[in-house]
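Breakdown of the fold
Read off the chains here:
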Amino acid sequence: MKDYYEILGVSRDASQEEIKKAFYKLAHKYHPDKGGSAEKFKEINEAYQVLSNKEKRQQYDKFGRVFEGADAGFRKGFSGFDWSDFNWQGGNFETPFGFSMGDFDLNDIISDFFRGATGGETRKTSYQAKSTDRNGRNIEVSLEISLEEAAFGSKRVISFKTYLVCEHCQGKGYEPGSKLKECPNCKGEGSIRQSRRSFLGEITQIVECPKCKGKGRVPEKPCETCGGDGRYYGNKEIKVDIPVGIRDGETIRIRHEGEAGILGGSSGDLYIRVIIKPHPVFERRGDDLYMTLPISFTEAALGAKKEIQ
């Protein structure tokens, strides 16, 4: 087993700055372009990639190696056992030892097992990143316009159904004059711990608090209009400027006019796909207009003047 600390010549309690300085010094000495050993340089780089990464360094200090994937590290190579022998059947499966695992999600167990190896702080950070994603989605609508509107530009009003910011509570989710308080279910953490038994023992999983939806606080008095979400589903109207010379199939983007976010989250964007309706006389090809003009045999033979649209 490689000793990355020995390779870089630093102690096991070396700071990140000491590790970085040791790496630069050795990399300069053994770089192949400076006549050094390519194999030695590769070994130095491998050691630095592990020790300069906080999560990888924690795994290396605990296990003497770095797990590059929870499923790969668990199903292959864990105590020499090949977990591919499991009989998977849509979430219910049997082990080679003859007992059923239908009540457990092995992927969740594996993820929790290896996330736990890096400490509770990492798991909490991963959860918080997920729970704070409350932005509204982008919306795409189609708008048919005439050839004249495409040529000269115009202003149109479009309407569509989506989630709108609640005007009564201004998107806050609670009645005016009220306020937020600490969630009694999670004690302000935004997450709760759930424990369950598995063949690995008792597994503790961190999940989003269902009462406060991960925010850690709940309204003293939820908004009567939106029910506490800070938004409601309704009809939205918006004015759109059609630019001069727009082409068929082009898209107009209007920022923050899409779906409203939950409890003050940012609104998504609105994408308007322009469709130019066929014209009874003209056909557009790029920036040119083409038309078919019927004339008589006499006009073709003698010439004539025609007035066109």
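Bringing the overall build of the chain into the picture now. When helices and strands are tallied, the chain shows 9 helices and 15 strands. Within the chain, the proportion of its 309 residues that are buried is 32%. A fraction of 64% describes how many contacts in the chain between residues 6 or more apart in sequence connect residues 24 or more apart. As displayed, the chain has an accessible area near 20,000 Å², and 47% of this comes from carbon and sulfur atoms.

The subject of this paragraph is helix α4 (residues 54–63). Of all the positions in α4, only R57, Q59 and Y60 are classed as buried. Take α4 and look down its axis: the buried residues cluster within an arc of 160 degrees, on one side only. Among the exposed residues of α4, those oriented more than 90 degrees off its buried face are K54 and K62. Buried positions along α4 lie against α1 (4–8), α2 (16–30) and α3 (38–51).

Three- or four-residue spacings in an α-helix give side chains the same orientation, since the helix completes a turn every 3.6 residues. If you check α2, its first and last C-alpha atoms are 21 Å apart, about what 15 residues at 1.5 Å a residue would give, namely 21 Å. All of the buried residues along α2 are I19, A22, F23, L26 and A27. Along the axis of α2, the buried residues cluster in a sector spanning 130 degrees; they form a single face. Looking at α2, the residues exposed on the side facing more than 90 degrees away from the buried face are K21, K25, H28 and K29. Those residues of α2 that are buried lie in contact with α1, α3 and α4.

To continue, consider the pattern of salt bridges. The tally for this structure, following the rule as stated, stands at 13 salt bridges. Residue K236 is joined to E257 by a salt bridge in which the shortest nitrogen-to-oxygen separation is 2.8 Å. Separated by 21 residues along the polypeptide, K236 in strand β11 (residues 231–242) and E257 in the loop between β12 (251–254) and β13 (270–276) bring together distant segments of the chain. Overall, the relative accessible area of 25% leaves E257 in the partly exposed class. The salt bridge involving R247 is made with D287; its shortest N-O contact spans 3.2 Å. Of this pair, R247 sits in the loop between β11 and β12 while D287 sits in the loop between β14 (282–285) and β15 (288–291); the two residues are 40 residues apart in sequence, bridging distant segments of the chain. With relative accessibility at 35%, the residue R247 sits in the partly exposed group.

On to the packing of aromatic side chains, then. Taken as a whole and judged by the stated rule, the model has 5 aromatic pairs. Summarising the aromatic geometry, the rings of F23 and Y48 are spaced 4.1 Å apart at their centres and angled 10 degrees between planes, so their arrangement reads as stacked. With F23 in helix α2 and Y48 in helix α3, the pair connects residues that are 25 residues apart, well separated along the chain. With respect to burial, F23 and Y48 carry one shared label: buried. A ring pair is formed by Y163 and Y233, whose centres lie 5.3 Å apart and whose planes are at 70 degrees; its orientation type is edge-to-face. Residue Y163 is located in strand β6 (residues 154–165), and its partner Y233 is located in strand β11; the two are separated by 70 residues in the primary sequence. In textbook terms, an aromatic cluster arises when at least three aromatic residues are bridged by ring pairs, as seen for Y4, Y5 and Y60. When the ring centre of Y163 is taken as origin, the NZ or CZ atom of R231, which lies over that ring, is 3.9 Å away. Geometry around Y290 places R285 over its ring, the cationic atom sitting 4.0 Å from the centre.

This paragraph deals with the packing of α2 against α3. The relative placement of two packed helices comes down to the angle between their axes together with the axis-to-axis distance. Their axes nearest at 10 Å, the elements α2 and α3 cross at an angle of 165 degrees. In terms of orientation, α2 lies roughly antiparallel with respect to α3. Handedness of the crossing formed by α2 with α3: left-handed. The residues of α3 that touch α2, namely those facing Q16, I19, K20, F23, L26, A27 and Y30, are K40, F41, I44, N45, Y48 and L51. Split by residue class, the contact of α2 with α3 holds 9 nonpolar, 2 polar and 2 charged.

The rules we used
- Residues numbered from 1 in each chain as written.
- Predicted model: local features only at pLDDT ≥ 70, side-chain atom pairs only at ≥ 80, totals over all residues.
- Heavy atoms only, no water.
- Helix = DSSP H or I, 4+ residues; strand = E, 2+ residues; numbered from the N terminus.
- Buried < 20%, exposed > 50% of the residue type's maximum accessible area, 1.4 Å probe, protein only.
- Contact = heavy atoms within 4.5 Å.
- Areas by Shrake-Rupley, 256 points an atom, 1.4 Å probe, with all protein chains shown as cover.
- Arc of directions from axis to C-beta.
- Expected span 1.5 Å × (residues − 1).
- Salt bridge = Lys/Arg side-chain N within 4 Å of Asp/Glu carboxyl O.
- Phe/Tyr/Trp six-rings, centres within 6.5 Å; stacked < 30°, edge-to-face > 60°.
- Lys NZ or Arg CZ within 6 Å of the ring centre and 35° of its normal.
- Axes fitted to C-alpha atoms, helices over the stretch in contact; angles between N-to-C directions.
- Parallel < 35°, antiparallel > 145°, perpendicular 65-115°, else oblique.
- Left-handed = near helix turned anticlockwise from the far one by under 90°.
- Nonpolar A, V, L, I, M, F, W, Y, C, P; charged D, E, K, R; others polar.

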